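# Notes for the structure review
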Amino acid sequence: MTASPPGPGFRPRAALAMSADAADAVLGPASRAALAEVCDLAPLPVLDDFTTPRAREVLAGVDLLVTGWGCPPLDAAALAAAPRLRAVAHTAGSVRGHVTEACWERGIEVSSAASANALPVAEYTVAMILLTGKRVLERARAHRAARARDAWLRATPGLGNYGRTVGILSASLVGRRVIELLRPHDLRVLLHDPYVTDAEAAGLGVTPVPLDELFARSDTVSVHTPLLPETRGLVGRAQIGALRPGAVLINTSRGAVLDQDALTEAVLAGRVRAVLDVTDPEVLPPDHPLWDCDDVLITPHLAGSQGNEWRRLADLAVGEVRRWAAGDGFAHPVRRERLAFLA
């Protein structure tokens, strides 16, 4: 049976495809009720395995899948079981884990909540830029140990955020939001992104520079490039070695973008500092020296959406389903030709 085309009066049949934990975290009762207003939503449990008899039964009738973390790959076999499927609305960022080449060959429309997930990552990044500029973590640790006020009027070279230079590696969704959030602050912002023209950089209010110059000139470098074959190990020994003494390297993208061994040597030598929300691997082995290094802050991949921020992802996905059902198309489409530049 061929489904009606999206447009006025069209009510798609849909199902949730993700892990049960992801559904509970991101799509609470209010979000599911909002989805049910615009589509016929298959009852729980969610689809976390496309090979079961129940999954095959549900897939046979769906026009749209609302996906999330833990969604199985939508490969040729899964698509064969879903002859009506025409759209995927993803409640998280990257779709690489489940949208396969078979989806693009079939012409399935894909949406992602990557733009919504970029917001808390950018907020975390800006917070870390400002906190490390004032050496808040180190000074708080010393204050706790001394139980006395430090000599705050003592001249401390490199301390403070006035006039500091921040280097942004990649004008991704997150990188662009970081640039935007940094505008009110008295900072110089450099950018390295080979796909951004000088005119675009001027529009962003940043100075474009080559990769090595970004590291040599910046007090803080924040990494926002997606992990692609050509970006694996992009930040290598040469770039880390070019950082100024006391400079900060922040990574909220993917751990493998950095040469972690080179970074470990640099921070253990006391040359640079680091804020790592991602590592390679995640999680680091218990005996890895970075765990005990006072010049490194490691957080458990928490820069992205957490807690009440998940509602933002759900709201975007519900809005996308509403638009698609009305025949207006996705506002946040994932384009096949852009996959090479996306996380």
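Residues numbered from 1 in each chain as written. Predicted model: local features only at pLDDT ≥ 70, side-chain atom pairs only at ≥ 80, totals over all residues. Heavy atoms only, no water.

- Under an unreviewed UniProt entry, the name given to the protein chain is 2-hydroxyacid dehydrogenase, and the source organism is Streptomyces minutiscleroticus.
- Among the UniProt annotations of the protein chain, the heading Sequence similarities (unreviewed entry) holds the following wording: "Belongs to the D-isomer specific 2-hydroxyacid dehydrogenase family." (UniProt positions renumbered as here; feature names shortened; annotations may be inferred.)

## With respect to a nonpolar patch on the surface
- A cluster of nonpolar side chains, Leu131, Val136 and Leu137, forms an exposed patch at the surface whose accessible area comes to about 210 Å².
- Locating Leu131 in the fold gives a position in helix α6 (residues 114–133).
- Leu131 gets classed as partly exposed once you look at its relative accessible area, which sits at 34%. (Patch = residues over 30% accessible without salt bridge, like charges linked within 9 Å, V, L, I, M, F, W, Y side chains within 5 Å. Areas by Shrake-Rupley, 256 points an atom, 1.4 Å probe, with all protein chains shown as cover. Salt bridge = Lys/Arg side-chain N within 4 Å of Asp/Glu carboxyl O. Helix = DSSP H or I, 4+ residues; strand = E, 2+ residues; numbered from the N terminus. Buried < 20%, exposed > 50% of the residue type's maximum accessible area, 1.4 Å probe, protein only.)

## Comments concerning helix α2 (residues 29–38)
- Here α2 has its buried residues at Ser31, Arg32, Ala34, Leu35 and Val38. Taken around the axis of α2, the buried residues stretch over an arc of 155°, which confines them to a single face. Exposed residues lying more than 90 degrees from the buried face of α2 are Pro29 and Glu37.
- Buried residues belonging to α2 abut β1 (13–17), α1 (20–26), β2 (40–41), β3 (64–67) and α13 (310–325). (Arc of directions from axis to C-beta. Contact = heavy atoms within 4.5 Å.)

## What to know about the pairing of strand β11 (residues 273–276)
- Alternating positions in β11 separate into two faces, Arg273 and Val275 on one and Ala274 and Leu276 on the other, with burial throughout.
- Two elements, strand β10 (residues 248–251) and β11, share 4 bridges in a ladder whose sense is parallel. The partner of Asn251 across the bridge, within β11, is Leu276.
- On the question of chirality, the crossover connecting β10 to the parallel β11 by way of helix α12 (residues 260–268) is right-handed.
- Sheet topology places β11 next to strand β12 (residues 296–298); 3 bridges connect them, and they run parallel. When the bridges of β12 are listed, Ala274 appears paired with Val296. (Pairing = 2+ DSSP bridges. Right-handed = clockwise from strand over helix to strand, strands pointing away.)

## Digging into the packing of aromatic side chains
- What the rule picks out here adds up to 1 aromatic pair.
- Consider the rings of Phe10 and Trp324, whose centres lie 5.9 Å apart with planes at 70°: the pair is edge-to-face. Of the two residues, Phe10 sits in the segment before β1 while Trp324 sits in helix α13, which places them 314 residues apart along the sequence. Assigned by exposure class, Phe10 and Trp324 land together as buried. (Phe/Tyr/Trp six-rings, centres within 6.5 Å; stacked < 30°, edge-to-face > 60°.)

## Notes on the pattern of salt bridges
- Per the counting criterion, the structure on display carries 11 salt bridges.
- Two residues, Glu138 and Arg273, come together in a salt bridge whose shortest N-O distance is 3.2 Å. Note that Glu138 is positioned in helix α7 (residues 136–146) and Arg273 in strand β11, a separation of 135 residues in sequence.
- Between Arg177 and Glu180 there is a salt bridge, with its nearest N and O atoms 3.0 Å apart. Residue Arg177 and its partner Glu180 are located together in helix α8 (residues 173–182), separated by 3 residues, close to a single helical turn.
- We classify Glu180 as partly exposed; its relative accessible area is 40%.

## Side note on the side chain of Thr225
- On the secondary structure map, Thr225 appears in the loop between β9 (220–223) and α11 (237–242).
- Residues contacting Thr225, with those up to four places away along its chain left out, are Leu169, Ser170, Thr231, Leu234, Ser253 and Val257.

## Comments concerning the sheet that holds β1
- Read across the open sheet, the 5 strands follow the order β2-β1-β3-β4-β5; overall the sheet is parallel. Strand pairing shows two members of the sheet lacking a second neighbour, β2 and β5 (109–111), which therefore form its edges.
- By the bridge criterion, 4 bridges tie β3 to strand β4 (residues 87–90) in an arrangement that is parallel. Bridge pairing in β4 links Leu64 to Ala87.
- Sheet strands in contact with α13 are β3, β4 and β5, and its direction is about 170° off that of β3. (Axes fitted to C-alpha atoms, helices over the stretch in contact; angles between N-to-C directions.)

## A look at the side chain of Thr252
- Relative to the elements of secondary structure, Thr252 occurs in the loop between β10 and α12.
- A polar contact of 3.5 Å, which involves the side chain of Thr252, links it to the side chain of His224.
- Look past the residues within four positions of Thr252 in its chain and what remains in contact with it is Val121, Tyr124, Thr125, Val223, His224, Asp277, Val278 and Ala303. (Polar contact = N/O pair within 3.5 Å; in protein donor to acceptor, adjacent residues only side chain to side chain.)

## Thoughts on the environment of Asp219
- Relative to the helices and strands, Asp219 is located in the loop between α10 (211–217) and β9.
- Separated by 29 residues in sequence, Asp219 and Val248 place their C-alpha atoms 6.4 Å apart.
- Discounting chain neighbours no more than four positions away, the residues touching Asp219 are Arg164, Thr165, Arg244, Ala247 and Val248.

## Quick word on the environment of Leu182
- By the secondary structure assignment, Leu182 is in helix α8.
- Judged by relative accessible area, Leu182 falls into the buried class, the value being 2%.
- For the pair formed by Leu182 and Gly270, sequence separation is 88 residues and the distance between their alpha carbons is 27 Å.
- Apart from residues no more than four positions distant in its own chain, Leu182 is found in contact with Val126, Ile129, Val166, Leu187 and Val189.

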